[in-house]
Amino acid sequence: MSHGMSTIDVEDIGKAFDRRLLGRLLVYLKPYRTWVVISIVLMFVGSLIQLAGPTIAQIAIDRFIDPQSTPAPEIAERLRGMNLMALLLLGTVIGGFLFQYLQLYLMNLTGQKAMYDLRTDFYSHLLRLPLSYYDRSSVGWILTRLTNDIEALNNLFTSGVVAIFGDLFMLAGIIGFMFYQDARLATIVMIILPILLIGTLWFRSRAREAYRDVRSKLGRLNSFLQENLMGIRVIQIFTREKSSYERFRKINEQHRNAHLKTIFYYALFFPGVGFIGALVLAALIWFGGGRVIDGAMTFGVLYAFILYVQRFYRPVRDLAEKYNIMQSAMAASERIFKLMDEPATIVSPEEPRYIEAFQGRIEFRNVWFRYEGEITRERTIDDPGIEPVVEPSEQNSDWVLKDVSFTVEPGQTVAIVGATGAGKTTITSLLSRFYDIQKGRILIDGVDIREMDLERLRDMVGVVQQDVFLFSGTIGENINLGKETITEEEMELAARHVNADPFIQRLTGGY
C-alpha cells in the first residue's frame with residue numbers, strides 16, 4: 001500500500017483565512033443560520049452588559065462613595081444610590097452569565113449539527129470512492145481526516161468565527177470608552193499596542209509552524225498504528241515486535257517533541273501578555289493617580305480605567321488563540337475537501353442498460369489492465385461515449401492483464417489457475433467493476449459492464465473472499481450486511497451451504 005498521500009497532504013500549508021474554503025464550510029451552517037444569527041445577537045448583548053460593569057462602578061464611586069458634587073448628597077440618598085448601583089452590578093454579572101451561557105450552548109449545538117452533516121457527507125463520499133483510491137491511501141490518514149480534522153472545524157464553528165466578532169467588539173468598546181473619558185490616559189494604554197502587535201505576530205508565525213509540525217507527526221503516528229495493528233499477525237509471526245516498538249517510539253517521540261514546542265510558545269506568549277498588562281496597569285496607577293491628586297480626574301474614572309485595562313488583554317489573548325483555531329480549521333478543511341473532491345471514477349451511467357433475461361454469459365474481449373497510472377480508455381465503434389485518449393503502450397511492463405480474451409458460457413464452470421500475481425483475483429475484481437480496465441471490454445450477456453447499473457451488476461456476482469473480514473455485530477448482521485430483503489430463512493440456508501449452521505446453532509445467541 002502506498003502511503004505517499006499520508007505524508008504529503010498532512011503537511012500542506014494552511015492559510016488563516018481562505019474565502020473559498022470558508023464559503024464551502026458555511027454551506028453546512030446554512031440550515032442553522034437562524035441559530036447563528038441569534039447567537040451573534042446574544043454575544044453582542046452579552047458584551048454590552050460586560051462593558052457596562054466598569055461604568056456602573058465609576059458612577060457609584062463618583063456620585064455616592066466619594067461624591068464630587070457640591071453640596072454632596074445626603075447620606076440616605078447616597079445609600080439608596082449605592083444599593084441601586086450594587087443591584088445593577090449584580091445584574092450585569094447575572095446577565096453576562098446568562099447571555100454567555102445561551103450563546104455558547106447555541107453555537108456548540110449548531111457546530112455539532114453542522115459537523116454531523118459534514119461527517120455524514122464525508123463518509124458517504126468514502127463509500128463511493130473506487131478501490132484504487134484505497135490502494136494508494138493510508139486508512140490511518142483517512143481516519144485522521146474523519147476525526148481530528150473535523151473536530152478542528154467544530155472548534156472553528158463553536159469558538160472561532162463568531163467569537164472573533166465578540167472579541168473585536170469588546171476591544172472597540174473598551175477603547176472607545178477610555179478615549180471618551182480621558183484621552184491622555186487612554187493614549188498611555190494605546191502606546192503598548194505596537195508591542196502587543198509585534199508579540200502577537202511573532203507568536204502567530206511560530207505557533208503556525210509548530211502546529212503544522214504537530215499535524216504532520218499526528219498523521220504519521222495514526223498511519224503507523226493503523227498499519228501495524230492490522231498487520232500484528234505478521235509482526236508476531238516474524239518476531240518483529242522489538243523493531244516495530246522502536247519505530248513507534250521514535251514516531252511517538254517526534255509527536256511529543258512537536259507538542260512540547262507548541263507548549264513553549266503558548267507558555268511564553270500568554271504570560272508575556274500578562275506581564276505587559278501589569279506594566280500598563282502600573283503606569284496607569286502612577287500617571288492617573290497623579291491626575292486624581294491634582295483634581296484633573298475623578299477616582300471613579302481611574303478605577304473604571306483599571307477595570308477596563310484588566311479586561312482589555314483578555315480579548316487580545318483570545319484573538320491570538322482564535323487565529324490558531326482559524327489556521328487549524330483552514331488547513332483541516334483544505335485536506336477534508338481535497339478528499340471530498342476526489343472523483344468517484346467508477347459510477348453507474350446516467351442511462352444504464354438492463355439485462356432483460358439474465359443468462360450469465362461472461363466475455364472478456366481483448367482486456368488490458370494495470371493498477372498503476374491514470375485510467376485511460378480508447379474510443380471504439382461499439383463504445384462511442386468514451387472520450388478518446390492516448391492509448392497505453394503495450395510494451396509497458398506494469399500490465400497485469402495483456403490482451404486477455406475468454407468466454408464463460410451459462411452453466412459452465414471455469415477454474416483460473418496461475419502463479420501469485422498472475423491476475424486471478426484481478427479478473428474477479430474487474431468482473432464486479434471494482435476497477436475499470438484501460439483497454440478492451442467485459443460483457444455479461446452481451447452488455448458492457450460499464451453500461452450497467454453498478455448496484456445491479458454487483459448483485460449479479462457472488463464473491464467468496466479469500467481473506468475473511470468480520471464487522472462488529474451479530475453473525476446474522478455479518479451474513480446479510482444490513483440488506484433487509486434477505487430473509488432469516490435465506491440467511492440460514494446460506495450458512496448451511498457453507499457448513500456454518502451447526503457451529504452457529506451451538507452458540508449461545510445463535511445468529
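Bear in mind the structure is a predicted one, so any value in this text is a computation, not a measurement.

The number of helices and strands found in the protein chain is 17 helices and 4 strands. The C-alpha radius of gyration computed for the protein chain amounts to 34 Å, which surpasses the reference 24 Å derived for 511 residues by more than 25%, pointing to a less compact arrangement than a globule. Expressed along its principal axes, the backbone C-alpha trace of the protein chain runs to roughly 115 × 55 × 50 Å. In the protein chain, buried positions account for 40% of the 511 residues. Here the contacts in the protein chain between residues at least 6 apart in sequence split such that 82% fall between residues at least 24 apart. Counting every atom, the protein chain has about 29,700 Å² of accessible surface; 60% of that belongs to carbon and sulfur. Positive and negative side-chain charges in the protein chain, numbering 54 and 57 respectively, have mean positions lying 8 Å apart.

Attention shifts here to the pairing of strand E1 (residues 362-369). Within E1, 6 of the 8 residues are buried, which leaves it mostly tucked inside the rest of the structure. Pairing of E1 with strand E2 (residues 401-408), which is carried by 5 bridges, proceeds in the antiparallel orientation. Bridge pairing links Glu 363 to Thr 407 in E2. Examined bridge by bridge, E1 and strand E3 (residues 439-444) share 5 bridges and lie antiparallel to one another.

Between helix H6 (residues 139-159) and helix H12 (residues 299-340), the shortest axis-to-axis distance is 8 Å and the interhelical angle comes to 140 degrees. As summarised for this structure, H6 and H12 are arranged oblique, according to the angle between their axes. For the pair H6 and H12, the crossing hand works out as left-handed. Here Trp 141, Ile 142, Arg 145, Asp 149, Ile 150, Ala 152, Leu 153, Asn 155, Leu 156 and Ser 159 of H6 lie close against H12, whose contacting residues are Lys 322, Ile 325, Met 326, Ser 328, Ala 329, Met 330, Ala 332, Ser 333, Arg 335, Ile 336 and Leu 339.

Read from one edge of the open sheet, 4 strands run E2-E1-E3-E4, paired in antiparallel fashion. The sheet is open, and its two edges are formed by E2 and strand E4 (447-448), each paired on a single side. The sheet strands contacting helix H13 (residues 424-431) are E1, E2 and E3, and the helix crosses E1 at an angle near 115 degrees.

Once that is clear, we can look at H6. The end-to-end C-alpha separation of H6 is 30 Å, in line with the 30 Å expected for 21 residues at 1.5 Å each. Along H6, the sharpest change in direction is near 30 degrees and occurs at Arg 145.

Cut-offs and rules
- Residues numbered from 1 in each chain as written.
- Predicted model: local features only at pLDDT ≥ 70, side-chain atom pairs only at ≥ 80, totals over all residues.
- Heavy atoms only, no water.
- Helix = DSSP H or I, 4+ residues; strand = E, 2+ residues; numbered from the N terminus.
- Rg over C-alpha atoms; globule rule 2.2 N^0.38 Å.
- Buried < 20%, exposed > 50% of the residue type's maximum accessible area, 1.4 Å probe, protein only.
- Contact = heavy atoms within 4.5 Å.
- Areas by Shrake-Rupley, 256 points an atom, 1.4 Å probe, with all protein chains shown as cover.
- Lys, Arg positive; Asp, Glu negative; His and termini not counted.
- Charge placed at Lys NZ, Arg CZ, Asp CG, Glu CD.
- Pairing = 2+ DSSP bridges.
- Axes fitted to C-alpha atoms, helices over the stretch in contact; angles between N-to-C directions.
- Parallel < 35°, antiparallel > 145°, perpendicular 65-115°, else oblique.
- Left-handed = near helix turned anticlockwise from the far one by under 90°.
- Expected span 1.5 Å × (residues − 1).
- Bend = angle between axes of the 7 residues up to and from the residue.

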